[in-house]
Amino acid sequence: CLLVAAVSRVRRARARREAAMRRLCKRLPKVELHAHLAGCARLATITELAGEIAAPGARAHAALGKLTLDECFARFGAIHRALSTEAALKRVAAEVLADFAADGVRYLEIRTTPRALRDVDARGYVCAVLDSIGKFERDAGDRAMVVRLLLSIDRSGPIARADETVELAHTLRAERADARRLIVGVDLSGNPSKGRFVDFAPALARARAAGLPASVHCAEVEDHAEMDDVLAFRPARLGHALFLSAAHVEALRAAPIPIELCPTSNLTTLRRAHMREHPTAARWLLDDLRTTEAYPVSISTDDTGVFGTSASAELARVALELRLDPAHVAHLAARGLHDAFEPANSREMLTLRARCARDATI
Ligand code: 6MZ
């Protein structure tokens with residue numbers, strides 16, 4: 001009887017500690033560098049849009065749980081079928097920005113793959129996203145959240161489309177002042193089992209030459225030869241970076257490239273249960289706790305809708321499972337600000353850095 005009482009006291013204390021950590025993670029100013037627009041669409045909205053146009057398969061989006069990478073990509077296909085008009089895109093974009101801001105994200109780099117919808121072409125798609133960001137800025141103000149945009153290149157698509165996306169970024173930046181300010185980089189993503197990095201490297205290099213740095217999804221599946229190519233290219237940031245050889249780890253330690261770590265997304269597709277089994281976290285975050293020599297890692301959501309998560313939930317997951325202390329959590333929450341594609345000395349960045357420092361009290 002005494003033992004039962006002691007166990008339940010310990011459980012209650014743990015539940016209180018966890019609730020306090022979740023509250024802290026929600027309250028802290030956060031930076032989100034790796035979020036795909038369509039993957040962050042609200043489940044309810046996609047289900048509603050799918051109902052409107054009766055897109056077969058989109059309703060299957062409802063069941064969360066263990067997803068293989070292939071199942072994730074089937075789900076993106078279903079979301080894309082539901083998200084098929086300019087109005088739907090603007091609605092989803094507005095909701096995604098509102099959700100991140102409400103969760104306490106203060107700097108968001110949202111990324112999306114330009115594509116033709118039923119009523120607009122790829123250019124119209126990007127313009128609709130820019131308009132949505134503009135509306136958010138007018139309604140909420142950049143005091144709420146600074147938003148920037150990366151244009152994604154889908155590695156499972158044709159190389160010609162990658163060239164078109166880079167071209168589109170240049171054209172829009174030349175023609176629209178908001179595009180010049182908001183489009184700050186490109187991303188290479190898409191099904192990692194399809195396409196080859198080297199085929200897309202020339203488009204990424206052209207973007208870089210024109211001032212648009214790249215974040216590259218890499219080592220989401222095991223392919224050491226491709227990771228060699230990615231490291232030789234030296235993108236400005238790496239997404240995931242899960243399956244690395246000893247030589248890759250050594251090269252990154254010698255010359256770090258910031259890593260965007262997506263806890264729930266990775267554990268789901270790797271079918272692992274605990275952050276200690278997360279290869280990127282175990283290698284870079286836990287090491288840093290021991291050495292204080294911080295490798296540049298930021299915590300991201302990847303796809304809040306598909307993985308049923310949020311920026312504060314990802315931070316809390318890392319904090320609780322790796323038993324981080326509040327000071328470390330506060331540091332990690334806004335860590336990504338150092339690796340943002342928005343220039344470090346821009347007016348927005350200077351204001352933001354000061355504001356995050358002020359609000360990151362624990
Ligand atoms: C690779 C991913 C991804 O661009 O239509 N995407 N690519 N790995 C991941 N991890 C699970 N999560 C999302 O958003 C959806 C697209 O983002 C990429 C895929 O290309 C997906 O189709 P947008 O806004």
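As the structure is a computational prediction, the values presented were derived from the model and not from experiment.

Examining the site of the ligand
Then step 1. The environment of the ligand is formed by 19 residues, the closest being His80, Thr112, Thr113, Glu220 and Asp303.
Then step 2. Between His36 and the ligand, the recorded distance is 3.0 Å, taken from a side-chain N or O atom to an oxygen atom.
Then step 3. Contact distances for the ligand include 2.9 Å between a nitrogen atom and a side-chain N or O atom of Glu220.
Then step 4. Contact with the protein chains removes 98% of the 520 Å² of surface that the ligand exposes when unbound.
Then step 5. Among the detected pockets, the ligand sits in the largest pocket.
Then step 6. Every element with two or more residues in the shell around the ligand is listed here: α3 (69–82) and β2 (105–112).
Then step 7. If one sorts the elements of the shell around the ligand by residue count, α3 sits on top with 3 residues.

Describing unusual backbone geometry
Then step 1. Positioned with a positive phi, Asp302 is a non-glycine residue whose angle comes to about 70°.
Then step 2. Structurally, Asp302 is set in the loop between β8 (297–299) and α13 (304–307).
Then step 3. Of note in this structure, Arg323 is not a glycine but carries a positive phi near 50°.
Then step 4. Within the secondary structure, Arg323 is located in the loop between α14 (311–321) and α15 (326–333).
Then step 5. Residue classification places Arg323 among the exposed residues on the basis of a relative accessible area of 70%.

Some details on the layout of surface pockets
Over the atoms, a rolled probe matching the size of one water molecule traces out where space is still vacant.
Then step 1. In this structure, the largest pocket encloses a volume near 680 Å³.
Then step 2. In this structure, the largest pocket is lined by 36 residues; those nearest its centre are His80, Thr113, Asp154, Ser189 and Gly190.
Then step 3. Contributions of two or more residues to the lining of the largest pocket are made by α3, β2, α5 (122–140), α6 (159–175) and α11 (263–270).
Then step 4. For the lining of the largest pocket, the leading source of residues is α3, giving 6 residues.
Then step 5. One number sums up the size of the second largest pocket: a volume of about 320 Å³.
Then step 6. The wall of the second largest pocket is formed by Arg14, Arg17, Glu18, Ala20, Met21, His274, Ala319, Leu320, Glu321, Arg323 and Leu324.
Then step 7. Mapped onto the lining of the second largest pocket, the elements with two or more residues apiece are α1 (2–27) and α14.

Remarks on helix α10 (residues 246–254)
Each α-helix turn comprises 3.6 residues. Residues three or four places apart therefore point the same way.
Then step 1. Taken together, the buried positions of α10 are occupied by His248, Val249 and Leu252. For α10, the angular spread of buried residues about the axis comes to 100°, placing them on one side. Of the residues in α10, the exposed ones pointing more than 90 degrees away from the buried face are Ala246, Ala247, Glu250 and Ala254.

Brief notes about the sheet that holds strand β3 (residues 146–154)
Then step 1. The strand order across the open sheet formed by 8 strands is β1-β2-β3-β4-β5-β6-β7-β8, and the pairing between neighbours is parallel. The open sheet has two edge strands with one neighbour each: β1 (30–36) and β8. Put simply, the sheet's adjacent strands are angled 25° from each other on average, direction ignored.
Then step 2. Along the sheet face, helix α8 (residues 197–209) touches β3, β4 (183–189) and β5 (214–218) and points at about 175° away from the line of β4.

Topic: the packing of α14 against α15
Then step 1. For the pair α14 and α15, the least separation of the axes is 11 Å and the interaxial angle reads 145°. Classified by chirality, the crossing of α15 by α14 is right-handed. Listed contacts from α15 to Leu315, Val318 and Ala319 of α14 are Val329, Leu332 and Ala333.
Then step 2. Its residues placed into classes, the contact of α14 with α15 shows 6 nonpolar, no polar and no charged.

Let's talk about the pattern of salt bridges
Proximity of charged atoms lets side chains of opposite charge pair with each other.
Then step 1. For the coordinates displayed, the defined rule picks out 25 salt bridges.
Then step 2. Here Glu260 and Arg111 are joined by a salt bridge, their closest N and O atoms 3.2 Å apart. One end of the pair, Glu260, is in strand β7 (residues 259–261); the other, Arg111, is in strand β2, with 149 residues separating them in the sequence. Taken individually, Glu260 and Arg111 each receive the classification buried, so the pair is uniform in this respect.

Some points on the packing of aromatic side chains
Then step 1. Summed over all chains, the structure comprises 3 aromatic pairs.
Then step 2. Geometrically, the ring pair formed by Phe73 and Phe76 is edge-to-face, given 5.3 Å between the ring centres and 70° between the ring planes. Taken together, the residues span about one helical turn, with Phe73 and Phe76 both in helix α3 at a distance of 3 residues.
Then step 3. Sitting above the plane of the Phe233 ring, Arg208 keeps its charged end 4.0 Å from the centroid.
Then step 4. For Arg237, the ring lying beneath its charged end belongs to Phe341, and the centroid distance is 3.9 Å.

The rules we used
- Within each chain, residue numbers correspond to sequence positions counted from 1 in written order.
- Thresholds applied to this predicted model are a pLDDT of at least 70 for local features of residues and 80 or more for the giving and counting of side-chain atom pairs; totals over whole chains, interfaces and linings are not thresholded and use all residues.
- As a rule here, side-chain values come from all non-hydrogen atoms in the structure, and water together with hydrogens is ignored.
- Near is defined per residue: the residue qualifies when any heavy atom it owns lies within 4 Å of the molecule or strand.
- The term polar contact refers here to a pair of N or O atoms within 3.5 Å; inside protein, the definition further demands a hydrogen-donor-capable atom paired with an acceptor-capable atom, and it admits residues adjacent in sequence only when both atoms are side-chain atoms.
- Only the protein chains shown count as cover for residues, and the accessible areas themselves come from Shrake-Rupley with a 1.4 Å probe.
- Both site types are read off a 1 Å grid over the protein atoms alone. A 1.4 Å probe that fits but cannot get out defines a cavity, while an open set with protein on both sides within 12 Å along at least five of seven lines defines a pocket; lining residues have an atom within 4 Å of a point.
- A cavity or pocket is said to hold a molecule if more than half of that molecule's atoms lie within 2 Å of its grid points.
- The secondary structure listing takes helices from DSSP runs of H or I that are at least 4 residues long and strands from runs of E that are at least 2 residues long, numbered from the N terminus.
- Relative accessible area decides the class of each residue, using a 1.4 Å probe on protein chains only: under 20% of the type maximum gives buried, over 50% gives exposed, and in between gives partly exposed.
- Grid points are joined across faces, edges and corners, and a volume is the space filled by probe spheres set on the points.
- The directions considered for the arc run from the helix axis to the C-beta atoms.
- Two strands make a pair as long as DSSP finds a minimum of two bridges between them.
- Interaxial angles span 0 to 180 degrees and are taken between N-to-C directions of axes, which are lines fitted to C-alpha atoms, for helices over the stretch in contact.
- Whether two residues touch is decided by their heavy atoms; if any such pair falls within 4.5 Å, the residues are in contact.
- In this scheme, a crossing is called left-handed if the near helix is turned counterclockwise away from the far one by less than a right angle; it is called right-handed if the turn is clockwise.
- Classification used: nonpolar for Ala, Val, Leu, Ile, Met, Phe, Trp, Tyr, Cys and Pro, charged for Asp, Glu, Lys and Arg, polar for all others including Gly.
- What makes a salt bridge here is a side-chain nitrogen of Lys or Arg within 4 Å of a carboxyl oxygen of Asp or Glu, nothing more.
- For this analysis, a ring pair means two rings from Phe, Tyr or Trp (six-membered ring only for Trp) whose centres lie within 6.5 Å, classed as stacked if their planes differ by under 30 degrees, edge-to-face if by over 60, and tilted for the remaining angles.
- Two conditions define a charge located above a ring, namely a distance within 6 Å from the ring centre to NZ of Lys or CZ of Arg, and an angle within 35 degrees of the ring normal.

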